[in-house]
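# Summary of the model geometry
Each chain, written out:
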Amino acid sequence: MNDDEGDKGAHAKNQMWGGRFAEGPAAVMRDINASVDVDRRLWRQDLAGSRAHAQMLAAVGVITDADAAAILAGLDQIASEIEKGDFHFSADLEDVHMNVEARLIDIVGEPGRRLHTARSRNDQVATDFRMWTRGACAGAADALGALQAALLDQADAGADAVMPGYTHLQVAQPVTFGHHLLAYVEMFARDRGRFGDAAARMNDCPLGAAALAGTSFPIDRDMTAKALGFDGPARNSLDAVSSRDFAIEAMMAASLCATHISRLAEELVLWTSPHFGFVTLSDAFSTGSSIMPQKRNPDAAELCRAMPGRIAGAMTTLLTVMKGLPLAYAKDMQEDKAVTFAAFDALELALAAMTGMIRDLTINHGAMRAAAELGYSTATDLADWLVRVRGTPFRKAHEIVGAVVAAAERRGVTLDRLPLDEMQAIDASITEDVFSVLSVEASVASRTSFGGTAPDNVRKEIAAWRDRLNGEA
């Protein structure tokens, strides 16, 4: 159609706004104003909210039962059309809410015009968006549970696998691979908790707040809140329609979760390099080079490592949008959904990729153990032995061990291969029993304090975590 026909069409469609406007919007206004390409993802939530609203209106006598039945049948038809791909979303109708309402009126006629009684698009979108974000938090928590389960399986396989533990990325003390992976199980558990907290805090229903001041109709907000799975209705109509802190908080949880994924991804990048060689990723999560045939690139891990930038950027965008808005609703808030959807899409992808990588990786026990012997990683065990067995004050023991390490370094041997007489030349109290603590296996086995790296500890923690995950499931 030509531009004149487009303007006429837009003008006709904008009768949804009522009789206030004599002309349709400019083309650029339609482009900047329309959000349907983004918020059409809310169609399930929008239909659920409309069903609950219609049933409530009939229950309190605002509309007839016959009108409610017609509305519900029309909404079911719309759901079927959308699922089949037969529904036409029009940018001229701005958003998913107006598209659904217009189609409902086409299908059922006058009863469809009654649906919007005692509500506004302001409380409608706030309700739909809370429901979507609540579901996204639940989905993220479930995906984290799957990642934790994959980590537990690999931790079990590596409960005895000795690897170097690092501080400053320098070899510090031996740990077990299982213990290392359990650290991420703990991190992701906190992430699950944050998503749960966010979902609980957002679980007040805005529906019935109307545009900003509530409504004079005798509505039952408890009924609609219960029907939509909320704890109850939001207590302040202004806050109900103008708050987006629920989306910001959810994205804060997503940003921190993505940061934890990124830390694990960085370790996978290091561990798969020939300098480490601790693990091998499967072909399913590796790529090659267009010029170097020997390469196995951990691209999936690298892309997971990049995700916090996208997700935290989305959170910062919405924080910036909201920072100066007076109460109540303003059109700026239309920007909320695009960034929130993008953040959770990215998180979903990163969680799936990381779960796949962890599930498929192969542990290279020999490379880990050889690396654990570097850097005199059992030096602390020697110091602890001097304190525990010989009664040496720890600071004195620290000094003695420093000299022993220097002697081993001059010889180019590990501590457990340094001759006893050379140790005794530094401190005569050292006896042959010291060799019982100087191997990397002895070191990890001795770390039996609660939360320590000993293989027995690791297995107990794995069992406890599996019971916990099964209980949560």
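Please read all numbers here as calculations on a predicted model, not as lab measurements.

## Side note on the overall build of the chain
Regarding its fold elements, the chain presents 20 helices and 6 strands. Compactness check: the chain gives a C-alpha radius of gyration of 31 Å against a globular reference of 23 Å for 473 residues, more than 25% above the reference. With the C-alpha coordinates of the chain rotated into their principal frame, the extents come out at 100 × 55 × 40 Å. Looking at the chain as a whole, 49% of its 473 residues qualify as buried. Contacts in the chain between residues far apart in sequence, at least 24 positions, make up 74% of those at least 6 positions apart.

## A look at the pairing of strand β2 (residues 170–176)
Regular strands place their side chains on alternate faces of the sheet. Relative to β2, strand β1 (residues 162–167) runs antiparallel, the two being bridged by 6 bridges. By the bridge assignment for β2, Pro-164 is matched with Pro-174. Two successive antiparallel strands, β1 and β2, enclose a turn made up of 2 residues, where His-168 displays a positive phi of approximately 60°.

## As for a nonpolar patch on the surface
Where nonpolar side chains cluster on the molecular surface, the patch consists of Leu-212, Leu-238 and Leu-327 and spans about 270 Å² of accessible area. Structurally, the position occupied by Leu-212 is in the loop between β3 (204–205) and α10 (221–227).

## Re unusual backbone geometry
At the junction of Leu-327 and Ala-328, the peptide bond is cis and its omega measures out at 5° in the coordinates. Note on placement: Ala-328 falls in the loop between α13 (299–322) and α14 (336–360). With a phi angle near 60°, His-168 is a residue other than glycine that sits in the positive phi range. Turning to its location among the elements, His-168 is positioned in the loop between β1 and β2. For Tyr-376, which is not glycine, the phi torsion reads 55° and is therefore positive. Position of Tyr-376 relative to the elements: it lies in the loop between α15 (365–372) and α16 (379–390).

## Focus: the pattern of salt bridges
Taken as a whole and judged by the stated rule, the model has 26 salt bridges. The partner of Asp-345 in a salt bridge is Arg-41, and the shortest N-O contact between them spans 2.8 Å. Separated by 304 residues along the polypeptide, Asp-345 in helix α14 and Arg-41 in the loop between α3 (36–39) and α4 (43–59) bring together distant segments of the chain. Given a relative accessible area of 32%, Asp-345 falls into the partly exposed group. With a relative accessible area of 35%, Arg-41 lands in the partly exposed category. A salt bridge links Arg-411 to Glu-422; the nearest nitrogen and oxygen atoms lie 2.2 Å apart. Highlighted residues: Arg-411 in helix α17 (residues 394–411) and Glu-422 in helix α18 (residues 420–426), separated in sequence by 11 residues. For Arg-411, a relative accessible area of 49% gives the class partly exposed. Residues joined in a network through salt bridges with shared partners are Arg-369, Glu-373, Asp-416, Arg-417 and Glu-441.

## Notes on α4
An ideal rise of 1.5 Å per residue puts 24 Å on 17 residues; α4 measures up with 24 Å between its terminal C-alpha atoms. Extensive coverage of α4 is indicated by the burial of 12 of its 17 residues. Here α4 has its buried residues at Trp-43, Gln-45, Asp-46, Leu-47, Gly-49, Ser-50, Ala-52, His-53, Ala-54, Met-56, Leu-57 and Ala-58. For α4, the elements touching its buried residues are α3, α5 (65–84), α6 (96–108), α7 (110–114), α8 (121–157) and α10. A positive backbone phi angle near 85° is found at Gly-61, which sits one or two residues after α4.

## Considering the packing of α4 against α8
Taken N-terminus to C-terminus, the directions of α4 and α8 make an angle of 125°; their axes are 9 Å apart at the nearest point. Regarding the angle of α4 to α8, the classification is oblique. The two elements α4 and α8 meet at a crossing, and its hand is right-handed. For the pair formed by α4 and α8, the contact residues are Gln-45, Asp-46, Ala-48 and Ser-50 on the first element and Gln-124, Asp-128, Met-131 and Trp-132 on the second. Residue composition of the contact of α4 with α8, by class: 3 nonpolar, 3 polar and 2 charged.

## Concerning the nonpolar core
Residues Phe-195, Phe-344, Leu-347 and Met-354 are the most contacted members of the largest nonpolar core, which totals 99 residues. In terms of residue count, the dominant contributor to this core is helix α12 (residues 245–272) (15 residues). Ignoring sequence-local partners within four residues, the contact set of Phe-195 consists of Cys-137, Ala-140, Leu-144, Ala-250, Ala-253, Ala-254, Cys-257, Phe-344 and Leu-347. Residues Leu-382, Val-401, Met-423 and Val-437 belong to the second largest nonpolar core, which totals 20 residues.

## Regarding the side chain of Ser-255
Within the element layout of this structure, Ser-255 appears in helix α12. With residues near it in sequence (within four places) discarded, Ser-255 still touches Ile-311, Ala-312 and Met-315.

## Examining the confidence of the model for the chain
Chain-level pLDDT for the chain is 92 on average; 94% of the residues reach the 70-or-more range. Confidence drops under pLDDT 50 across residues 1–13; counting only partners more than four residues distant or on other chains, this segment forms 13 contacts.

## Things to note about the packing of aromatic side chains
Following the criterion strictly, the structure yields 10 aromatic pairs and no others. Where Trp-132 meets Phe-344, the ring centres are 6.1 Å apart and the plane angle is 80°; that geometry is what we call edge-to-face. With Trp-132 in helix α8 and Phe-344 in helix α14, this pair connects stretches of sequence that are 212 residues apart. Just as Trp-132 is buried, Phe-344 falls in that class too. Ring-pair connections join several aromatic residues into one group, and the members of that group are Phe-129, Trp-132, Phe-195, Phe-246, Phe-341 and Phe-344.

## Overview of the packing of α5 against α6
Interhelical geometry of α5 versus α6 gives an angle of 115° and a closest axis separation of 9 Å. Where α5 crosses over α6, the two elements pack in a sense that is right-handed. Seen from α5, the contacting residues are Ala-70, Ile-71, Gly-74, Leu-75, Gln-77, Ile-78 and Glu-81; seen from α6, they are Val-100, Arg-103, Leu-104, Ile-107 and Val-108. A class-by-class count of the residues in the contact of α5 with α6 yields 8 nonpolar, 2 polar and 2 charged.

Rules of the game
- Residues numbered from 1 in each chain as written.
- Predicted model: local features only at pLDDT ≥ 70, side-chain atom pairs only at ≥ 80, totals over all residues.
- Heavy atoms only, no water.
- Helix = DSSP H or I, 4+ residues; strand = E, 2+ residues; numbered from the N terminus.
- Rg over C-alpha atoms; globule rule 2.2 N^0.38 Å.
- Buried < 20%, exposed > 50% of the residue type's maximum accessible area, 1.4 Å probe, protein only.
- Contact = heavy atoms within 4.5 Å.
- Pairing = 2+ DSSP bridges.
- Patch = residues over 30% accessible without salt bridge, like charges linked within 9 Å, V, L, I, M, F, W, Y side chains within 5 Å.
- Areas by Shrake-Rupley, 256 points an atom, 1.4 Å probe, with all protein chains shown as cover.
- Salt bridge = Lys/Arg side-chain N within 4 Å of Asp/Glu carboxyl O.
- Expected span 1.5 Å × (residues − 1).
- Axes fitted to C-alpha atoms, helices over the stretch in contact; angles between N-to-C directions.
- Parallel < 35°, antiparallel > 145°, perpendicular 65-115°, else oblique.
- Left-handed = near helix turned anticlockwise from the far one by under 90°.
- Nonpolar A, V, L, I, M, F, W, Y, C, P; charged D, E, K, R; others polar.
- Core = buried A, V, L, I, M, F, W, Y, C linked by side-chain atoms within 4.5 Å.
- pLDDT = per-residue confidence, 0-100.
- Phe/Tyr/Trp six-rings, centres within 6.5 Å; stacked < 30°, edge-to-face > 60°.

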